[in-house]
Amino acid sequence: MNLIVAVDENWGIGKDGDLLCRISADMKMFRQTTTGHTLVLGRKTLESFPNKKPLPNREHIVLTTNKTYDAQGVTLCNDLPQLFTLLKAYESDDIFVIGGGSVYEQLLPYCNKAYITKIHAAFAADTFFPNLDNLPQWKRTEIGEIQEENGLRFAFDIYTRISE
């Protein structure tokens, strides 16, 4: 299983249920990386999408503890055992965890590759991703070229889980 996330210098990922900033190159990379694959996400992440609808050309599995939640065009599950049962139908490399914070926290131990957009700025975040640079089981295996858009510098890095 993979994950994909944009983080700031403090590994912040969001504020008030929204992204910290919008970078069109990051959105393009996200679209190219996840199209045709299965996404695992939380209810709040789904509700942050345009019109609260699933993204095109991807399957969506929404993990929510709200057993009465209803959403069109997605598969709903209420706990990790149910999620893992559903995920058996997919190749692990075809699965991308896309947030939010609590979903990343629950599923990070099961991921093998992390696509990280590192934004070289600090924002007033209220949601954070674990700093993979400080976790011995993770290693940055690809360092992206520094890019700039609208005054924001960023790079697309890849981290890989290593044997402990």
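Provided above is the structure to which this section pertains.
Residues numbered from 1 in each chain as written. Predicted model: local features only at pLDDT ≥ 70, side-chain atom pairs only at ≥ 80, totals over all residues. Heavy atoms only, no water.

Caption draft 1: Inspection of the overall build of the chain at higher detail. The secondary structure content of the chain amounts to four helices and twelve strands. On C-alpha atoms alone, the chain measures out to a radius of gyration of 15 Å, which is about the 15 Å that the 2.2 N^0.38 rule sets for 164 residues. Taken along its principal axes, the extent of the C-alpha atoms in the chain is 40 × 40 × 30 Å. Buried residues in the chain amount to 42% of all 164 residues. Distance between charge centres in the chain, computed from 17 positive and 21 negative side chains, equals 3 Å. (Helix = DSSP H or I, 4+ residues; strand = E, 2+ residues; numbered from the N terminus. Rg over C-alpha atoms; globule rule 2.2 N^0.38 Å. Buried < 20%, exposed > 50% of the residue type's maximum accessible area, 1.4 Å probe, protein only. Lys, Arg positive; Asp, Glu negative; His and termini not counted. Charge placed at Lys NZ, Arg CZ, Asp CG, Glu CD.)

Caption draft 2: Molecular detail of the pattern of salt bridges. Taken as a whole and judged by the stated rule, the model has four salt bridges. Of the charged contacts in the structure, one is a salt bridge between Asp-18 and Arg-22, with a shortest N-O distance of 3.1 Å. Taking the shortest distance from any N to any O, the salt bridge between Arg-43 and Glu-47 comes out at 3.1 Å. Residue Arg-43 and its partner Glu-47 are located together in helix α2 (residues 43-47), separated by four residues, close to a single helical turn. Take Arg-43: its relative accessible area is 25%, and that puts it in the partly exposed class. (Salt bridge = Lys/Arg side-chain N within 4 Å of Asp/Glu carboxyl O.)

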